[in-house]
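# Survey of secondary and tertiary structure
Next come the chains, spelled out residue by residue.
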Amino acid sequence: AVEGSGRLAQQAPDSARLVELIGRSPIFRDLSQRDLAILADGAHLRVEPVERVVAQAGEASTSLFLVLEGLLTTEGHRRHGVRPGPAPLLRPGDLFDPRVALLGEAHSCTVRTRTPALLCELDQQALQRLFAGSAEAFRRVGLNLAQQSPVNGLGGGLGGSLGGGL
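In this report, we go over the structure that sits alongside the text. (Residues numbered from 1 in each chain as written. Predicted model: local features only at pLDDT ≥ 70, side-chain atom pairs only at ≥ 80, totals over all residues. Heavy atoms only, no water.)

Pairing is antiparallel in the open sheet, where four strands are placed in the order β3-β8-β5-β6. Looking at which strands have only one partner, the edges of the open sheet turn out to be β3 (53-55) and β6 (89-90). Of the pairings in the sheet, the one linking strand β5 (residues 72-75) to β6 comprises two bridges and is antiparallel in character. From the neighbouring strand, T73 faces β6, where its bridge partner is L89. (Pairing = 2+ DSSP bridges. Helix = DSSP H or I, 4+ residues; strand = E, 2+ residues; numbered from the N terminus.)

The next point concerns the packing of helix α2 (residues 15-24) against helix α3 (residues 33-42). One can describe the packing of α2 onto α3 by two numbers: an axis separation of 9 Å at closest approach and a directional angle of 110°. Regarding the angle of α2 to α3, the classification is roughly perpendicular. Facing α2, whose interface residues are S15, L18, V19, I22 and G23, α3 presents Q33, L36, A37, L39 and A40. Looking at the contact of α2 with α3 residue by residue, the classes come out as seven nonpolar, three polar and no charged. (Axes fitted to C-alpha atoms, helices over the stretch in contact; angles between N-to-C directions. Parallel < 35°, antiparallel > 145°, perpendicular 65-115°, else oblique. Contact = heavy atoms within 4.5 Å. Nonpolar A, V, L, I, M, F, W, Y, C, P; charged D, E, K, R; others polar.)

With that out of the way, let us pick up the packing of α3 against helix α5 (residues 124-133). For the pair α3 and α5, the least separation of the axes is 8 Å and the interaxial angle reads 155°. Here α3 is positioned roughly antiparallel relative to α5, judged by the angle of their axes. Crossing angle aside, the handedness with which α3 passes α5 is right-handed. The segment α3 lies against α5, with R34, D35, I38, L39 and G42 engaging A126, L127, R129, L130 and G133. When its residues are assigned to classes, the contact of α3 with α5 shows five nonpolar, two polar and three charged. (Left-handed = near helix turned anticlockwise from the far one by under 90°.)

Among the residues making up α2, those that are buried are L18, V19, L21 and I22. Within α2, the buried residues cover an arc of 170° as seen down the axis, which keeps them to one side. The inward-facing, buried residues of α2 abut α3, β2 (44-48), β4 (64-69) and β9 (117-122). Measuring from the backbone nitrogen of A16 back to the side-chain oxygen at the start of α2 gives 3.3 Å, which picks out D14 as the cap. (Buried < 20%, exposed > 50% of the residue type's maximum accessible area, 1.4 Å probe, protein only. Arc of directions from axis to C-beta. Polar contact = N/O pair within 3.5 Å; in protein donor to acceptor, adjacent residues only side chain to side chain.)

Next comes the structure, spelled out in structure tokens:
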């Protein structure tokens, strides 16, 4: 079920497509189809209107978000050590902010919708179900997170390479 309504809610991906989209994210690279299905099953799809703040700089969160449709902007960047701020524009395929949900960091910037957006939220419950059921998933996600380039402030995305989203 999708939280929200309108055209984007009607275009929400089915389970198989959601597994594919989550699996394209660098942080979830090389997870098994079973592990990706666990994440997809626990995902919350949300439609957010224009100008909605999705993440606030300096605040903690227990969720990470995958942009499925729409554009979001980042502002008010706060540096975390050598990790620079994220890209100013988030597109379908971009994931934010895995470090907040996985490492307990605060959001390094405020993320706001520029257009109506369809987001896939992976909360702490979904992540805990994944890691509790698969030591290999825990190991792989940890390695992928450690390998993220320090110039990729949000932990990686596809920069719109999902072919315009859904």
